[in-house]
Amino acid sequence: MKFTLQAKDPLSKARAGTVTTAHGEIQTPIFMPVGTAGTVKAVHQRELEQDINAQIILGNTYHLYLRPGLDTLEKAGGLHKFIGWDRPILTDSGGYQVYSLSKVRKIKEEGVTFNSHIDGSKHLFTPEYAMDIQRTIGADIIMAFDECTPYPCDYKYAAESIKMTHRWLKRCCTRFDNTQPKYGFDQTLFPIVQGSVYKDLRVKSAEFIASMDREGNAIGGLSVGEPAEEMYAMTEVVCDILPYEKPRYLMGVGTPINILENIALGIDMFDCVMPTRNARNGMLFTKNGIINIRNKKWENDFSPIEPDSDLHVDLVTSKAYLRHLVHSKEMLGAQIATLHNLHFYLWLVKQAREKIISGEFYEWKNQMVKVLGNKL
Ligand code: GUN
């Protein structure tokens, strides 16, 4: 993997760069659509590529390990071949989904035992196994196995937790560095900064993560219920410590405003289920703010869902029709709303990149934050 920086905004810490992986380039700042189980829900790979030009998608170790399982993924020749996606993929390690999804679990030094949310079967994820699984899935960027602390989290717990996440990281690196990719292309491992909302713990964690000298770094444990101001404060502290010349990935964030504010603090990569999950409930992100298409207000509004758009479905779908589809729980409603929201998120980060390059990011960001804060 390679990272080159093209531009830096003069009035903030925003940067524009390019990540080069074995499956092609990613222009940063970037948003990565979440494709948990080998699919970005309700969107075909062809649409991701041709309609919204997604440059990278995310997969989840936890889900893919449980279903379809490692045997099938290995026989397919890895996730890229299995799903027919030839662009970059990043996989999360399971060190988050295990806590949020599985039924019973025990966190020990060795790893995490959990019961599958699908059939109740018992499993153990260790840092080593999380590396082996991600080698088998075959993502371009794989994530360290960490503990994502909840919010609120008491100081003592968070302090002990980062120590374990750091010990786990050493084990991840040893395993990763002593194993080979399975499908003939390079993979890279990103470590994850934790430390809850405590500045001194974030500093400690960021310093340790930076010292591991990997090709890129991530920040976890945010957007778990803390106020946005606390999230930004943590991002700022951590970005000042993580190396300038390596990509920084903020995990699980966020709203369009969160994304813009964190770009301004020096973040390069984002992922979040918000545009896809909320689309299925009728929440649309538009250039004028957030709307709920289920609202009666749109019943007879035959204007396009986004008039000033280069996405075909935005122009040919009226608000009234999409409202009808979502109300009727028609699958097409989820498809159109999801494609629309992802297109909006990708438009937003592309605009951010262009404004960073032209030196106008800071002003534009402040203006966008005002507009997006409006509810239609
Ligand atoms: N996704 C969102 N937050 C986190 C985190 O803290 N750790 C991991 N592994 N994934 C995440």
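Residues numbered from 1 in each chain as written. Predicted model: local features only at pLDDT ≥ 70, side-chain atom pairs only at ≥ 80, totals over all residues. Heavy atoms only, no water.

Selection criterion: UniProt positions are given in the numbering used here, feature names are shortened, and annotations may be inferred rather than shown by experiment.
Per an unreviewed UniProt entry, the recorded name for the protein chain is Queuine tRNA-ribosyltransferase, and the organism is Pedobacter lithocola. As recorded by UniProt, the Pathway (unreviewed entry) comment attached to the protein chain reads in full: "tRNA modification; tRNA-queuosine biosynthesis." As recorded by UniProt, the Sequence similarities (unreviewed entry) comment attached to the protein chain reads in full: "Belongs to the queuine tRNA-ribosyltransferase family."

### Re the packing of aromatic side chains
Quick reminder of the rule: Between 30 and 60 degrees the pair is tilted, below 30 it is stacked and above 60 it is edge-to-face, where a pair is any two Phe, Tyr or Trp rings, Trp via its six-membered ring, whose centres lie within 6.5 Å. Numbering goes from the N terminus for both helices and strands, where a helix is a DSSP run of H or I of at least four residues and a strand is a run of E of at least two. Two limits define a charge over a ring: the Lys NZ or Arg CZ must be within 6 Å of the ring centre, and within 35 degrees of the ring normal.
Across all of its chains, the model carries 13 aromatic pairs by this definition. Aromatic pair Y65 and Y129: ring centres 5.8 Å apart, planes at 90 degrees, arrangement edge-to-face. In this pair, Y65 sits in helix 2 (residues 61-66) while Y129 sits in helix 6 (residues 127-137), placing the two residues 64 residues apart along the sequence. Above the face of the F176 ring, R135 is positioned so that its terminal group lies 4.0 Å from the ring centre. Stacked on the ring of W347, the Lys or Arg K287 has its end atom at 4.7 Å from the ring centre.

### Considering the site of the ligand
Stated precisely, the cut-off is as follows: Whether a residue is near a molecule or strand depends on its heavy atoms: it is near if one of them lies within 4 Å of it. Counted as a polar contact is a pair of N or O atoms within 3.5 Å, where, for protein atoms, one must be capable of donating a hydrogen and the other of accepting one, and residues adjacent in sequence contribute only when both atoms are in side chains. Each accessible area is a Shrake-Rupley estimate made with a 1.4 Å probe; only the visible protein chains count as cover when residues are assessed. Under this grouping Gly is polar, as are all residues other than the nonpolar Ala, Val, Leu, Ile, Met, Phe, Trp, Tyr, Cys and Pro and the charged Asp, Glu, Lys and Arg.
D92, S93, G95, Y96, D146, C148, I192, Q194, G220, G221, M251 and G252 make up every residue found near the ligand. Contact between the ligand and Q194: an oxygen atom at 2.9 Å from a side-chain N or O atom of the residue. Out of a free accessible area of 280 Å², the ligand has 96% covered by protein chains. In terms of residue class, the shell around the ligand is built from four nonpolar, six polar and two charged.

### A word on the nonpolar core
For clarity, the threshold we go by: Buried Ala, Val, Leu, Ile, Met, Phe, Trp, Tyr and Cys residues that are joined via side-chain atoms within 4.5 Å together make up what is termed a nonpolar core. Accessible area is worked out with a 1.4 Å probe on protein chains only. A residue is then buried under 20% of its type maximum, exposed over 50%, and partly exposed in between. The criterion used for residue contact is that any of the two residues' heavy atoms lie within 4.5 Å.
By size, the foremost hydrophobic cluster in this structure holds 107 residues, and its most contacted members are F31, L48, L90, Y249 and I263. In terms of residue count, the dominant contributor to this core is helix 14 (residues 331-358) (eleven residues). Sequence-distant contacts of L90, that is, excluding residues within four places in its chain, are made with M32, I56, I57, L58, G59, A139, I141, M143, Y249 and M269.

### A few points about the UniProt feature "active site" (unreviewed entry) in the protein chain
UniProt annotation of "active site" (unreviewed entry) refers to D92 and D271 when read in the numbering used here. These annotated residues cover 180 residues of sequence, and their C-alpha atoms all fall within 10.4 Å of one another, placing them together at a single site. If you trace the backbone, D92 turns up in strand 6 (residues 89-92). Discounting chain neighbours no more than four positions away, the residues touching D92 are G59, N60, T61, Q97, Q134, M143 and M251. Tracing the backbone through its elements, the reader meets D271 in strand 15 (residues 269-271). By relative accessible area, D271 is classed as buried at 9%.

### Some points on the sheet that holds strand 6
We apply this condition: Pairing between strands is defined by DSSP: at least two bridges between the two strands are required. Axis geometry follows a simple rule: fit a line to the C-alpha atoms, using only the stretch in contact for helices, then measure angles between N-to-C directions, giving values from 0 to 180 degrees.
Strand order across the open sheet formed by four strands is 5-6-10-11, with parallel pairing between neighbours. Each of the sheet's edge strands pairs with one partner strand only, and the pair in question is strand 5 (57-60) and strand 11 (188-190). Each neighbouring strand pair of the sheet contributes to a mean axis angle of 25 degrees, computed without reference to strand direction. Across the sheet, helix 6 is in contact with strand 6, strand 10 (141-143) and strand 11; its angle to strand 10 comes to roughly 155 degrees.

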